[in-house]
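# Working through the structure, step by step
Residues per chain are reported as follows:
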Amino acid sequence: MVKIGKYNTMKVVKNVDFGAYLDGGDGEEILLPARYIISPLQPGDELNVFVYKDSEDRPVATTEHPFAEVGEFAFLQVNAVNKIGAFLDWGLVAKELLVPYSEQKVKMRQGMVCPVYVYLDDASKRVVASAKIEKFLGNKYPHYKQGASVKALVYKHTEFGYKAIVDNLFHGMIYENEIYRPLEIGEAITAYVKQIREDGKIDLVLNGGNDGRVDSLVEKIKERLLAEPEGYLPLSDASSPESIRETFQCSKKDFKKAIGHLYRDKVIEITPGGIQLVVSAE
């Protein structure tokens, strides 16, 4: 059974002048238009294609890759608006993605870039999108271990930090005081679970658990010292959080842990004004 709005692996049934027909199961044949065929196909060849419905409600296959498939979120640009709704650039030459007016949070205008959720409409069985993304998040409780790696899409900045969509399913939050590099709205990142709150929302951090974060910082400090002509850096546990953050994109707490590791391993000496790489560390 072919999944509309998803990738499907199908076999070539036959070639025609205007493309090739693929086996959609249950006796259904789905057209792959000639413009998507780069090299000759033979009956029985297997292809991984994306399937959508055209303006006449017929399933069509393409080797193009949309910006998002059914069940995913993405930031898409509005190409046009008419009495039906807004049509978004979906990444497919022959097909735009409709956001009906009933699924718009604010009235969309040409040129806007908006976060949307892509889904299969129950009534029409066509792929459409909704800008009311919150209703598609948090509909089940997340079960992650602390420190688990997740995919996150940053979609909104608030006074507390950045809201993110976690694994296309859950609400996530990256707090302002735990952000040590710039984030962009629409950026897809790998993040790590700090904790799951009672309401099912997930607090995220940009680096792995404390051990992984500090271990990474230890290596970064060592590399920086090796790059300095005298192996010296005017940063210490007495430096301001701002100067530490500017240099290493980390918190002062993590910096102190990292230089503590380096000192115990006799890689550095800590002076009143900074840290000095010892000769044997080179």
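Residues numbered from 1 in each chain as written. Predicted model: local features only at pLDDT ≥ 70, side-chain atom pairs only at ≥ 80, totals over all residues. Heavy atoms only, no water.

## Examining the sheet that holds strand 17 (residues 268-270)
Two pairing modes exist for strands in a sheet, parallel and antiparallel, and in both the strands are linked by backbone hydrogen bonds. The test is simple: If DSSP finds at least two bridges between two strands, the strands pair. Here a helix means four or more residues in a row that DSSP labels H or I, a strand means two or more in a row labelled E, and each is numbered from the N terminus. Note on contacts: a residue pair qualifies if any of its non-hydrogen atoms lie within 4.5 Å across the two residues. Think of each axis as a best-fit line through the C-alpha atoms, taken over the contacting stretch in the case of a helix, with angles from 0 to 180 degrees between the N-to-C directions.
Spatial strand order, 16-18-17: three strands in an open sheet with antiparallel pairing. The strands lining the two open edges of the sheet, one partner per strand, are strand 16 (232-233) and strand 17. Of the pairings in the sheet, the one linking strand 17 to strand 18 (residues 275-277) comprises three bridges and is antiparallel in character. Following the sheet pairing, I270 is matched in strand 18 by I275. Its contacts with the sheet put helix 3 (residues 252-264) on strand 17 and strand 18, and the angle it makes with strand 17 is roughly 120 degrees.

## As for the sheet that holds strand 13 (residues 170-175)
With mixed pairing, the five strands of this closed barrel are ordered in space as 11-12-13-15-14. Adjacent strand axes in the sheet meet at a mean angle of 50 degrees when their direction is disregarded. Here strand 13 pairs with strand 15 (residues 202-205) via three bridges, running parallel. In the strand pairing of strand 15, G172 is matched with I202.

## Looking at the nonpolar core
So the rule is basically this: To qualify as a nonpolar core, a set must consist of buried Ala, Val, Leu, Ile, Met, Phe, Trp, Tyr and Cys residues joined through side-chain atoms within 4.5 Å. Accessibility here uses a 1.4 Å probe with only protein chains present; expressed as a share of the type maximum, an area under 20% marks a residue as buried, one over 50% as exposed, and anything in between as partly exposed.
By size, the foremost hydrophobic cluster in this structure holds 35 residues, and its most contacted members are W90 and M108. A per-element tally of this core places strand 4 (residues 46-53) first, with five residues. Excluding anything up to four places from it in sequence, M108 contacts V78, V81, A86, L88, V99, C114, V116 and A131. Membership of the second largest hydrophobic core comes to 18 residues, among which are L217, I244, F255 and I275.

## A short note on the pairing of strand 5 (residues 59-62)
Where strand 4 and strand 5 come together, four bridges link them in antiparallel fashion. Counterpart to K53 in the pairing with strand 5 is P59. The loop that links strand 4 with its antiparallel partner strand 5 comprises five residues; one of these, D57, has a positive phi angle of about 70 degrees.

## Side note on the pattern of salt bridges
To keep it simple, the criterion reads: Each reported salt bridge corresponds to a side-chain nitrogen of Lys or Arg within 4 Å of a carboxyl oxygen of Asp or Glu.
Throughout the structure, instances matching the rule amount to ten salt bridges. The residue R197 makes a salt bridge to D203 at a minimum N-O spacing of 3.1 Å. Judged by relative accessible area, R197 falls into the partly exposed class, the value being 26%. Among the ionic contacts, a cluster of salt bridges with common partners joins D54, E56 and R58.

## As for the pairing of strand 2 (residues 19-25)
Residues in a regular strand project their side chains so that they alternate between the two faces of the sheet. Where strand 1 (residues 7-16) lies against strand 2, four bridges are found, and the strand directions are antiparallel. Looking at the pairing, K14 lines up with Y21 of strand 2. Between strand 1 and strand 2, which follow one another and run antiparallel, lie two residues. When strand 2 meets strand 3 (residues 28-33), the two strands line up antiparallel, connected through six bridges. By the bridge assignment, D23 is partnered in strand 3 with E29. Here strand 2 folds back onto strand 3 in antiparallel fashion, the turn holding two residues, of which D26 has a positive phi close to 55 degrees.

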